[in-house]
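Summary of the model geometry
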Amino acid sequence: MAVTKRIVVGVTLLSVVLASCAGTPRSATQSQAKGEATALDGAGLDVTLKQPGEWVSVIDGKEAPVPAIEMGDDAITMKIVQEGALRSEVMDHLKALAVERGPRLTGSENLRKAQDWASQSFREWGLTNVHLEQWGTVGVGFDRGPSSGTIFLARPMRPETRPGVNTREASPAATPPTEPAKEEAKPEPTPAKTEWTKAREVELTALSWSVGTNGAVRGPVIREPKTEDEFRAVQGELKGAWVLVQAPPALGMRGIRSMMSARYEMRKEARKKIAEGKSVSDLPIAERLAFEPIAGYISSSRDERVWTGAVSGWRDLSITDRDDPSDDQPHVQVRLSDYDFLNSRLADGEKVEVEFNLNHTFKAGPVPVHNVIAEIKGSKYPNEYVIISGHLDSWDGPGSLGVTDNATGSAVTIEAARILKAVNAKPLRTIRFVLWTGEEQGLLGSKGYVESHKDELAGISAVFVDDGGTGYQAGVQAATVQVDMLAAASAPINNVFFSRFDKKFLNVDIKNSGETTKSHGGSDHHSFNLVGVPGFFWEEGGRAEYGFGWHTQNDKMNLAIEEYLVQSATNSAVVAYRLGCAPTLLPRAKTETGERPNMLRREQQTNPPQTPAANPNRS
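Residues numbered from 1 in each chain as written. Predicted model: local features only at pLDDT ≥ 70, side-chain atom pairs only at ≥ 80, totals over all residues. Heavy atoms only, no water.

Some points on the packing of helix H1 (residues 74-86) against helix H9 (residues 403-422)
Where H1 meets H9, the axes come as close as 9 Å, and the angle between the chain directions of the two elements is 130°. As summarised for this structure, H1 and H9 are arranged oblique, according to the angle between their axes. Note that H1 runs across H9; the crossing there is right-handed. From H1, Ile80, Glu83 and Gly84 reach across to H9, where they touch Arg418, Ile419, Leu420 and Ala422. Taken together, the residues of the contact of H1 with H9 sort by class into four nonpolar, one polar and two charged. (Axes fitted to C-alpha atoms, helices over the stretch in contact; angles between N-to-C directions. Helix = DSSP H or I, 4+ residues; strand = E, 2+ residues; numbered from the N terminus. Parallel < 35°, antiparallel > 145°, perpendicular 65-115°, else oblique. Left-handed = near helix turned anticlockwise from the far one by under 90°. Contact = heavy atoms within 4.5 Å. Nonpolar A, V, L, I, M, F, W, Y, C, P; charged D, E, K, R; others polar.)

Some remarks on the packing of aromatic side chains
Any two aromatic rings considered together are summarised by their centre-to-centre distance and by the angle between their planes. By the definition in use, this model includes 13 aromatic pairs. Considering the side-chain rings of Tyr449 and Phe528, the 5.8 Å spacing of their centres and the 55° angle between planes classify their relative orientation as tilted. On the criterion of sequence distance, the pair formed by Tyr449 in helix H10 (residues 444-452) and Phe528 in helix H12 (residues 525-529) is long-range, its members being 79 residues apart. Residue class for Tyr449 comes out buried when judged on its relative accessible area of 1%. You can call Phe528 buried: its relative accessible area is 0%. Grouped by ring-pair contacts, the aromatic residues Phe142, Trp209, Trp314 and Phe362 constitute a single cluster. The lysine or arginine in question, Arg288, covers the ring of Phe231, its NZ or CZ lying 5.0 Å from the ring centre. Its end group placed over the ring of Phe341, Arg345 keeps NZ or CZ at 5.1 Å from the ring centre. (Phe/Tyr/Trp six-rings, centres within 6.5 Å; stacked < 30°, edge-to-face > 60°. Buried < 20%, exposed > 50% of the residue type's maximum accessible area, 1.4 Å probe, protein only. Lys NZ or Arg CZ within 6 Å of the ring centre and 35° of its normal.)

Some words on the nonpolar core
Counting residues in each nonpolar core, the largest one holds 80 residues, and the members touching the most others are Phe122, Leu420, Phe433, Phe464 and Leu579. With ten residues, helix H14 (residues 562-580) is the largest single contributor of residues to this core. If we ignore the near neighbours within four places in the chain, the residues touching Leu420 are Ile80, Ile376, Ala425, Ile431, Phe433, Ala573, Ala576 and Tyr577. Core analysis: the second largest hydrophobic core is formed by 22 residues, Val202, Leu336, Phe341 and Phe356 among them. (Core = buried A, V, L, I, M, F, W, Y, C linked by side-chain atoms within 4.5 Å.)

Things to note about the environment of Tyr564
Considering the arrangement of structural elements, one finds Tyr564 in helix H14. Looking at Tyr564, the relative accessible area reads 0%, which means it is buried. Considering only alpha carbons, one finds Tyr564 and Thr408, 156 residues apart in sequence, at a separation of 9.9 Å. In this view, Tyr564 contacts Thr470, Gly471, Tyr472, Asp502, Leu506, Gly541, Gly542, Arg543 and Ala544; residues no more than four positions away in its chain are not counted.

Here we look at the packing of helix H3 (residues 109-125) against H9
The geometry of H3 relative to H9 is characterised by a closest axis approach of 10 Å and an angle of 10° between their N-to-C directions. Between H3 and H9, the angle falls in the class roughly parallel. For the pair H3 and H9, contact is made by Trp117, Ala118, Phe122 and Trp125 and by Ile414, Ala417, Arg418 and Lys421, respectively. Its residues assigned to classes, the contact of H3 with H9 shows six nonpolar, no polar and two charged.

A short note on the environment of Gly149
As for its placement among the helices and strands, Gly149 is situated in strand E7 (residues 128-156). Note on Gly149: relative accessible area 1%, which makes it buried. Residue contacts for Gly149: discarding those within four places in its chain leaves Arg200, Glu201, Val202, Leu204, Glu355 and Phe356.

So this is what it looks like as structure tokens:
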């Protein structure tokens, strides 16, 4: 399809028309050699390729001369930037992962399909040592099919009508009696029928590895009883009912997920108590409900996001735990507005029913779980490594595609590999690309990698993780001894990508954190920092609101910002190549780790983030 491009020179606009297709330069003019900007309208970017003499570093937010460190062939670096900027395929990779394969829970079929696709892509581009590397097993594979929820309200109808009973029609004429008239019995009133009307669809989730509904299950909604009197009052109505659990305090995402998991564990412990001989009547009411024939539970988020997590002990489940219909009861989390709607109708004395259909399937284990690994072999130091990575697994709540957490980081990693092979980069050290799994359950894939690659750890120069959503790679925290090398490695990216939406360059800031590398424990780089290997989490800049999609039903393609992903993939490729050609490994430094600051802030918000503004440059 023909698209219009604009070459921007100062304030002069020259319109040209170029054919654009995958793998073809979006601009192929001599103006690039003169430092002019190419406008990428679809991505909302103006790209200005720089000559080596024009490169600058950014350190602590200020431009600085590039440290004089030899880092490979400058001509190859320029080709990397041009390939990444003008021929980007990062959005194609993102769609292949998130749209075509869907959310990718650890141990699921979707994840396996995504791993197979990524591995095949690496092979087609000519990477070596492409393989799935097992780090452990999962007791039961879990796949979530379509899930839905609907609220119905009762609307009473008039009783059945009969002439002369409840209509204005005259009764039939009476026949004269042949014997003394007897008093006729009055007809029994016909009970009113109830018609149910669909009130609203709900947005929902349920814990991964939890039991589903085995088809659509509909029943009345009853508030959870708290006292013995309340329990006795509703006991006869519990069969087939959905129990509405009181809304929790504003706990944040982790608290909401923990509450659901804690209730799962409570029911599990209650069944254990009964198996050991305790009487059901001796249990607290909340535990007693586990032995009532209810349809399941409904609990609330604290805003319009629903957050997905896992049942406690998920990794040690067996298929018999999930196949036994008495093992547990379904538990659904809905938005606060859905909860308020239900609670208000019940408070008004209305009859309310809900229907949930949770299509959960389980696969007998142990199910092997893997990281995806691919390499560009080092020409001089094949046993020294620069690792570029992101985690491929995601949560799988209904509606989510796992886009910004973390198909974006995976697509960036995959695109960085494609770029380097496209320009035939030959680094001195091996550049290893890793797509982690098990990150969402506790950095399991990277921990397993560190454990099984102990003999290689001394040869790892640096590990970079892209796991901050759809923002651009805005920099890293680095110890003083690391600043110069990282500033030199990232210099070719600065003042190249200008966002027309943000009205600024998407530059890479190396932040001097002193004697230690100040990091956090929120992603797979942490596994390496714990053993003294420099691990870096790309701080992501820009207008993206990560908390809106994080682990929720909102994590879809509309959140992805193309211009940022183009910059991130190009930067990853440039930094990998230049560190891979540096005279030495990146110096080691002490690391301070803690909670990921932006995650802590966002999950504790009383008011949820607003829906991100649309990018007018995206079609």
